[in-house]
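# Breakdown of the fold
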Amino acid sequence: FCEIEKETWRSTIDPGSDLSDNPGHEAVNTLFATALAEGKFPFRLLATFALKDGLRSTAASAVQYARNEAGLRVRLVSNDHIETAKATARRAGILTRDEANYDTQDRDAAGRVMDGEAFSAAVGNIERAQAFEPVDASRNDCDYEELQYMDRFTEIAANLRVLARATAEHKRKLVVGLKALRV
C-alpha cells in the first residue's frame, strides 16, 4: 500500500493528468508500475505476503461422491470475492473450467455464478405465506416463508453453483427458497 499526494502524482508519474477524471485502477496501476520501473520513486520491495487457505485433500472426492452416488446438487456459498469463490469451486469440482470462465452474457450460464447482492436483488424479500394444509405435519402449522420473486428464484436455483460475497441474509434467502421449492 502506498499513498501519493496529487502534486507528486502530477509532477512525477503523469504530468498533465487531471485526477478529477478518476482514471480506473488498472490505468493508475500501470502508470504507477511504469514510474517505479523507471526509478522515479526511491521505493524498495521489503516483503510480500500471501495466505492461501487450501481445500482439504478429500474435498473434490466428497463433492464427486455427493453428486454421483448420493444424487445431491452441490453449491458453494462463500463470503469470498467472486473470483476466489469460482477458483475454489473449480478446485472442488463444483464448476468445470469452462463454467468458471463463462461469459456473463451467455443465457445458458445465467445465474450459475452470482454474488450475494445480485442474488438478493433478483429473488426479493422473504415473505410469510399460508398453505391450505400444514407444511410441517409435526407442528400442524400452515405458515411458511417464501421469497418475493419465487419464479425468478426457481430459475436461479436450477443453475446456481456458486454464490459469492454471501452474507448471512443471502444464505437465509437461499435456504428459504429451497425449502419453499421442497428441494
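Residue positions within a chain follow its written sequence, with the count starting from 1. This being a predicted model, a pLDDT of at least 70 is required before a residue's local features are given, and a value of 80 or more before pairs of side-chain atoms are given or counted; all residues contribute to the totals for chains, interfaces and linings. Computation of side-chain values covers all heavy atoms of the structure but excludes hydrogens and water.

Okay, the overall build of the chain next. A run of H or I in DSSP becomes a helix once it reaches four residues, and a run of E becomes a strand once it reaches two; helices and strands are each numbered from the N terminus. Along its length, the chain carries eight helices and five strands. Along its sequence from the N terminus, the chain presents helices and strands in the succession α-α-α-β-α-α-β-α-β-β-α-β-α. Burial classes follow relative accessibility: with a 1.4 Å probe on protein chains only, a residue under 20% of its type's maximum area counts as buried, one over 50% as exposed, and anything between as partly exposed. Put simply, the chain has 183 residues, and 28% of those count as buried. In the chain, once contacts between residues fewer than 6 apart in sequence are set aside, the share between residues at least 24 apart is 60%. Per element, the accessible surface of the chain, about 13,000 Å² overall, is 48% carbon and sulfur. In this description, contact between two residues means that some pair of their heavy atoms is separated by no more than 4.5 Å. Surface exposure here means Shrake-Rupley accessible area, sampled with a 1.4 Å probe, where a residue is shielded only by the protein chains that are shown.

With that out of the way, let us pick up unusual backbone geometry. The phi dihedral of R165 is positive, around 50°, even though this residue is not glycine. Its place among the elements puts R165 in the loop between β5 (162–164) and α8 (168–180).

Our next topic: the packing of helix α6 (residues 116–123) against helix α7 (residues 150–159). Interhelical geometry of α6 versus α7 gives an angle of 140° and a closest axis separation of 8 Å. Considering the angle they form, α6 stands oblique to α7. Counted together, F119, A122 and V123 of α6 and R152, F153 and I156 of α7 form the full contact between these two elements. For the contact of α6 with α7, the residue count by class is five nonpolar, no polar and one charged. An axis is simply a line fitted to the C-alpha atoms; with a helix, the fit covers only the stretch in contact. Between two such axes, the angle follows the N-to-C directions and lies from 0 to 180 degrees. These descriptions rest on fixed angle ranges, namely under 35 degrees for roughly parallel, over 145 for roughly antiparallel, 65 to 115 for roughly perpendicular, and the rest for oblique. Gly is put with the polar residues, along with every residue not named as nonpolar or charged; the nonpolar set is Ala, Val, Leu, Ile, Met, Phe, Trp, Tyr, Cys and Pro, and the charged set is Asp, Glu, Lys and Arg.

What follows deals with the confidence of the model for the chain. Atomic detail in the predicted coordinates should be set aside for any region of low pLDDT. Mean pLDDT over the chain stands at 79; residues scoring 70 or higher make up 69%. One confidence number per residue, pLDDT, is output by the predictor and ranges from 0 to 100. Confidence, read as mean pLDDT per element, is least for helix α1 (residues 6–13) in the chain (61) and greatest for strand β1 (residues 76–77) (96).

Glancing now at α7. Buried residues of α7: M150, F153, I156 and A157, and no others. Burial along α7 is one-sided: seen end-on, the buried residues are contained in an arc of 115°. Starting at the helix axis, one direction is taken to each C-beta atom, and the arc is that of these directions.

To pair, rings of Phe, Tyr and Trp, with the six-membered ring standing in for Trp, must have centres within 6.5 Å; the planes then decide the type, stacked if under 30 degrees apart, edge-to-face if over 60, and tilted in the middle. Per the stated rule, a full pass over the model turns up one aromatic pair. For the pair F119 and F153, a centre-to-centre distance of 6.2 Å together with 70° between the ring planes defines the contact as edge-to-face. Of this pair, F119 sits in helix α6 while F153 is found in helix α7, placing the two residues 34 residues apart along the sequence. Each of the two residues, F119 as well as F153, counts as buried.

The next point concerns the sheet that holds β1. DSSP calls a pair of strands paired once it identifies at least 2 bridges connecting them. Within the open sheet, the three strands sit side by side as β1-β5-β2. Their pairing is parallel. Of all strands in the sheet, those with a lone pairing partner are β1 and β2 (113–115), marking the two edges. One ladder, built from three bridges, connects β2 with β5; its direction is parallel. The residue bridging D115 from the neighbouring strand is A164, located in β5.

Once that is clear, we can look at the nonpolar core. Grouped together as the largest cluster of nonpolar side chains are 16 residues, with contacts concentrated most on F119, F153, I156, L163 and L174. Of all the secondary-structure elements, those providing two or more residues to this core are α6, α7 and α8. Apart from the residues lying within four places of it in its own chain, the contact partners of F153 are F119, V123, L147, K173, L174, G177, L178 and L181. Counting residues in hydrophobic clusters, the runner-up holds 13 residues, among them V63, V74, A85 and V113. We define a nonpolar core as any set of buried Ala, Val, Leu, Ile, Met, Phe, Trp, Tyr and Cys residues linked to one another through side-chain atoms lying within 4.5 Å.

This part covers the pattern of salt bridges. Criterion for a salt bridge: a side-chain nitrogen of Lys or Arg within 4 Å of a carboxyl oxygen of Asp or Glu. Enumeration according to the criterion identifies three salt bridges in this entry. One salt bridge connects K86 with E83, and the closest N-O pair in it is separated by 3.5 Å. Here the residue K86 and the residue E83 both occupy positions in helix α4 (residues 82–92), the gap between them amounting to three residues, near one helical turn. For K86, a relative accessible area of 10% gives the class buried. Owing to a relative accessible area of 45%, E83 belongs among the partly exposed residues under this scheme.

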